[in-house]
Amino acid sequence: MATITLDTVRKVYAGGVEAVKGVSIDIADGEFIVLVGPSGCGKSTLLRMIAGLEEISTGEIRIGEKVVNKVDPADRDIAMVFQNYALYPHMTVYNNLAYGLKNRGMAKDEIDRRVKEAARILEIGDYLDRKPRALSGGQRQRVAMGRAIVREPAAFLFDEPLSNLDAKLRVQMRVEIKRLQKSLKTTSVYVTHDQLEAMTLADRLVVLSGGNIEQIGAPIDVYDKPASTFVASFIGSPAMNLLKVRKGAAGLELETGSGLTAANPYGRDRYTLGVRPEHLSLVEAGVPAGALTLKATVNVLEPVGAESYLYASCGGTGQEIVIRVESHARFEPGQEITLTAQAKDVHFFDADTGRRVES
Amino acid sequence: MKRVQFTNASLPYLLLLPQLAIIVIFFYWPSAQAIQSSFYLEDPFGFGSTFVGMENYTDVLGSNEYASIARFTIAFTLLVTFLSLSIALLLAVKADAVLKGSSTYKTLLMWVYAVAPPVAGLMGVMFFDMHIGPFLKVAAFFGWDFKIGLNYFDTAFAMVVIAVWKQIPYNFIFFLSGLQAIPKSVREASMIDCRSGFRRFWSIILPLLAPTAFFLLIINMTYSLFDTFGIVDVVVKDKAANNPITLVYKVYMDGFRGGDLGGSSAQSVILMLVVFVLTIFQFRFIERRVHYG
């Protein structure tokens, strides 16, 4: 149980590459923080710096009240779950779990109690005598989790722990990790590139890009009010539609052609305008047009079961947009449609910096 | 494993034939010959042979000289194997800590292995030479009057040093690639689980190196027993006198210098049995403790 504080942490590699560019995060006790971003955004480097596996170039990391910059990984009171599990292949499951405790000089019966308890929670009690190679991917993942749990550390660090599992198991383990973290109330930092995993697990999301924090916030806040076009396109699936617009005769118009009408609430000349696929609806009899209307031509319909995604072009052939429609809707390629969205669902971003415009 | 279906049933045997021929001609046939002639007393000039039964064996095993050479061979083998394995492991661990796959560095380190045993022996002899050897100055500095070829211990010392020196690069390369095959995340997990680097080495790194170490143990035993022939030959210069020699060298001395083909054959057969027993022992008792990943 502890808070984790990152104070303008930077990582510069010997070659001069700056992987993390001055990141500050305050993680509350018991909080589940997810670091999310595309590969190369510095999320794993950041996690490894908290673990003590990478040196901190400048800045400070505190676990609890203690500055850990120069503290050995074994003395940081953290446990880490690795992407490829990193189990000791020559040890049985029992010894994998017990190894970290033995090295800390814990009494044998206490080790035994903790290992049995963790095995019970994770339902790996039947495999304690097996070697890792005799286990399936999901079972190995559980053992890796068990190795973290038995330590009863101040914080769990997860480095993409589910990305080696198949889709079904991934969903199952995701739920288990969340339930486990809620019951143990251990501060957790979780790294993933999967936005769905990030949304579902996090108390707070940290969206990273190019070594910088793009946005920190509760998943739903990040979804509702993305701070930049980067976050807008990264969080949510399918991604938010982004359209280049400029000031026209009445309100805003597309830069590449006609078909869009929208108000210009902030009076600027140019924007990147964002609307999520699920917030666009078809203008039909009985549906009133909202703050934005858009004419488009149907390209493809992609049914995924519970819903379908309609791909259409607007502004001549300028841009393809995605619209979520109900699963049994029928559309023909070439069909002309008119779409609309409510004012609260239309996002405005600076045309040059990509930052959210709110005034 | 990919299964290949041969349309002609004799084709696989045909493909194996060259290898089988080499094994039969160069290994089984001479072995059979050795076993046969170990029961005969051969005339050195090839004018005939007399069947003597087990006499060659009883002569060899009853000889004090043979016993003392056998003792030296055992000590030599154990020393060379132990030293070349442990020094190579130490070097590999140190190199692994700084080396991230730099192949030029690796190539330089394994350079010595390309040196043929007699050449290595010759270089070693130069190094320990009574007149020009630089080692003598070092030895003299410590008050050690080093006399290769005259003093039994000094000659043995030189042989061990040369044999170890020759074998280290080979072991080093295997240990280094074994170390580099250990997943980075396993090392990192152990860094979180265990603070002491020494303890991590014993509990994680060394067990994961065990398959490599076991392979090298067999290779090094064989090397010390047999492949050091060239080194021994150069050091004792064909005239063993009071100097230490190994069993293999004695086979050569008795057979080709002494002309005692029967006795020499009996010694070869004894060596074959030793290797046979050693191999069984290694696989039965040591390999059990090896974890293959």
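Here the structure is a predicted model, which is why all the values come from computation and not from measurement. (Residues numbered from 1 in each chain as written. Chains lettered and ligands numbered in written order. Predicted model: local features only at pLDDT ≥ 70, side-chain atom pairs only at ≥ 80, totals over all residues. Heavy atoms only, no water.)

**Examining the overall build of chain A**
Here is step 1 of the chain: Within chain A, the regular secondary structure consists of eight helices and 20 strands.
Here is step 2 of the chain: Relative to its 359 residues, chain A shows a buried fraction of 52%.
Here is step 3 of the chain: Of the contacts formed within chain A by residues at least 6 apart in sequence, a portion of 65% connects residues at least 24 apart.
Here is step 4 of the chain: Working note: accessible area of chain A is about 15,700 Å², and carbon and sulfur atoms make up 49% of it.
Here is step 5 of the chain: One way to put it: in chain A the 44 positive side-chain charges average out to a point 4 Å from where the 45 negative ones average out. (Helix = DSSP H or I, 4+ residues; strand = E, 2+ residues; numbered from the N terminus. Buried < 20%, exposed > 50% of the residue type's maximum accessible area, 1.4 Å probe, protein only. Contact = heavy atoms within 4.5 Å. Areas by Shrake-Rupley, 256 points an atom, 1.4 Å probe, with all protein chains shown as cover. Lys, Arg positive; Asp, Glu negative; His and termini not counted. Charge placed at Lys NZ, Arg CZ, Asp CG, Glu CD.)

**Topic: the sheet that holds strand 6 (residues 78–81) of chain A**
All names here are of chain A.
Here is step 1 of the chain: Pairing is mixed across the open sheet formed by six strands, whose spatial order is 6-7-8-3-9-10. The open sheet terminates on both sides in strands that have one partner only, identified here as strand 6 and strand 10 (212–217). For this sheet, the mean angle separating the axes of adjacent strands, direction not counted, is 15°.
Here is step 2 of the chain: Where strand 9 (residues 204–209) meets strand 10, five bridges bridge the pair, whose relative direction is antiparallel. (Pairing = 2+ DSSP bridges. Axes fitted to C-alpha atoms, helices over the stretch in contact; angles between N-to-C directions.)

**Let's talk about the pattern of salt bridges**
Here is step 1 of the chain: A complete count under the given rule lists 31 salt bridges over all chains for this structure.
Here is step 2 of the chain: The partner of A:Glu18 in a salt bridge is A:Arg10, with the nearest N and O atoms 2.8 Å apart.
Here is step 3 of the chain: Residue A:Arg10 is classed as partly exposed on the basis of its relative accessible area, which comes to 29%.
Here is step 4 of the chain: Note that A:Arg142 is salt-bridged to A:Glu176, the shortest N-O span being 2.9 Å. Placement of A:Arg142 in helix 4 (residues 137–150) and of A:Glu176 in helix 5 (residues 167–184) is noted, with a sequence separation of 34 residues between them. Taken individually, A:Arg142 and A:Glu176 each receive the classification buried, so the pair is uniform in this respect.
Here is step 5 of the chain: Each of A:Lys11, A:Arg48, A:Glu54, B:Lys184 and B:Glu188 takes part in one network of salt bridges that share partners. (Salt bridge = Lys/Arg side-chain N within 4 Å of Asp/Glu carboxyl O.)

**Observations regarding the confidence of the model for chain B**
Caution applies to low-pLDDT parts of the model: their predicted coordinates are not meant to be read in detail.
All names here are of chain B.
Here is step 1 of the chain: Averaged over every residue, the pLDDT of chain B is 85; the share at 70 or more is 95%.
Here is step 2 of the chain: Here helix 4 (residues 103–109) stands out as the least confident element of chain B, with mean pLDDT 70; helix 8 (residues 184–193) is the most confident, with 93.
Here is step 3 of the chain: What the predictor reports for the complex is a pTM of 0.81 with an ipTM of 0.84. (pLDDT = per-residue confidence, 0-100.)

**Concerning the UniProt feature "domain: ABC transporter" (unreviewed entry) in chain A**
Here is step 1 of the chain: As recorded in UniProt, the sites labelled "domain: ABC transporter" (unreviewed entry) are residues 4–235 of chain A.
Here is step 2 of the chain: Along residues 4–235 of chain A one finds 37% helix and 25% strand; the C-alpha atoms at either end are 25 Å apart. (UniProt positions renumbered as here; feature names shortened; annotations may be inferred.)

**Some details on a nonpolar patch on the surface**
Residues and elements named next belong to chain B.
Here is step 1 of the chain: Nonpolar side chains collect at one region of the surface, where Ile 22, Val 24, Ile 25, Phe 26, Phe 27, Tyr 28 and Trp 29 lie side by side and expose about 810 Å² of accessible area between them.
Here is step 2 of the chain: The topology assignment puts Val 24 in helix 1 (residues 11–37).
Here is step 3 of the chain: Classification of Val 24 as partly exposed rests on a relative accessible area of 43%. (Patch = residues over 30% accessible without salt bridge, like charges linked within 9 Å, V, L, I, M, F, W, Y side chains within 5 Å.)

**Some words on the UniProt feature "transmembrane region" (unreviewed entry) in chain B**
All names here are of chain B.
Here is step 1 of the chain: Per the UniProt annotation, the sites labelled "transmembrane region" (unreviewed entry) are residues 12–29, 69–93, 105–128, 148–165, 201–223 and 266–286.
Here is step 2 of the chain: Secondary structure content for residues 12–29 is 100% helix and 0% strand, and the end C-alpha separation is 23 Å.
Here is step 3 of the chain: A distance of 35 Å separates the end C-alpha atoms of residues 69–93, which is 100% helix and 0% strand.

**Regarding the interface of chain B and chain A**
Accessible area lost when the parts come together is the quantity often used to give the size of an interface.
Here is step 1 of the chain: Taken together, the contact between chain B and chain A spans 20 residues of the former and 26 residues of the latter.
Here is step 2 of the chain: Where chain B abuts chain A, roughly 1,900 Å² becomes buried across the two surfaces, and 57% of that area is made up of carbon and sulfur atoms.
Here is step 3 of the chain: On the chain B side of the contact with chain A, B:Ile192, B:Asp193 and B:His291 bury the most area, a combined 35% of that side's loss.
Here is step 4 of the chain: The interface formed by chain B and chain A holds three salt bridges in total.
Here is step 5 of the chain: Its salt-bridge partner being A:Asp75, residue B:Arg195 comes within 3.3 Å of it at the nearest N-O pair.
Here is step 6 of the chain: At the junction of chain B with chain A, the criterion picks out twelve residue pairs in polar contact (both at pLDDT 80 or more).
Here is step 7 of the chain: With nine residues, helix 8 of chain B is the largest single contributor of residues to the side of chain B that touches chain A.
Here is step 8 of the chain: Its residues assigned to classes, the side of chain B that touches chain A comprises nine nonpolar, five polar and six charged. (Buried area = accessible area lost by both parts, 1.4 Å probe. Polar contact = N/O pair within 3.5 Å; in protein donor to acceptor, adjacent residues only side chain to side chain. Nonpolar A, V, L, I, M, F, W, Y, C, P; charged D, E, K, R; others polar.)

**A closer look at helix 2 (residues 55–62) of chain B**
All names here are of chain B.
Here is step 1 of the chain: Of all the positions in helix 2, only Asn 56, Tyr 57 and Val 60 are classed as buried. With its buried residues spanning 95° around the axis, helix 2 presents them on a single face. Facing away from the buried side of helix 2, by more than 90 degrees, are the exposed residues Thr 58, Asp 59 and Gly 62.
Here is step 2 of the chain: At its buried positions, helix 2 is contacted by helix 1, strand 1 (40–42), helix 3 (64–98) and helix 12 (261–286). (Arc of directions from axis to C-beta.)

**Quick notes on the packing of helix 2 (residues 93–102) of chain A against helix 4 of chain A**
Residue and element names in this part refer to chain A.
Here is step 1 of the chain: Running from amino to carboxyl end, helix 2 crosses helix 4 at an angle of 30°, the nearest separation of the two axes being 8 Å. Relative to helix 4, helix 2 is oriented roughly parallel. Considering only the axes of helix 2 and helix 4, their crossing is right-handed. The residues of helix 4 that touch helix 2, namely those facing Val 93, Asn 96, Leu 97 and Leu 101, are Val 143, Gly 146, Arg 147 and Val 150.
Here is step 2 of the chain: Residue classes in the contact of helix 2 with helix 4 are distributed as five nonpolar, two polar and one charged. (Parallel < 35°, antiparallel > 145°, perpendicular 65-115°, else oblique. Left-handed = near helix turned anticlockwise from the far one by under 90°.)

**Focus: the domain arrangement of chain A**
Residue and element names in this part refer to chain A.
Here is step 1 of the chain: With domains assigned, chain A is organised as domain 1 (4–233) and domain 2 (241–350).
Here is step 2 of the chain: In this structure, domain 1 and domain 2 have C-alpha centres spaced 39 Å apart.
Here is step 3 of the chain: The interface of domain 1 with domain 2 comprises nine residues on the first partner and seven residues on the second.
Here is step 4 of the chain: Carbon and sulfur atoms supply 61% of the area that domain 1 and domain 2 bury against each other, a total of about 590 Å² over both sides.
Here is step 5 of the chain: Remark: the boundary between domain 1 and domain 2 carries zero salt bridges.
Here is step 6 of the chain: In this assembly, domain 1 and domain 2 are joined by two residue pairs in polar contact (both at pLDDT 80 or more).
Here is step 7 of the chain: Residue assignment for the side of domain 1 that touches domain 2 shows that the elements contributing at least two residues are helix 7 (219–224) and helix 8 (229–234).
Here is step 8 of the chain: By residue class, the composition of the side of domain 1 that touches domain 2 is five nonpolar, three polar and one charged. (Domains from an automatic or database assignment.)

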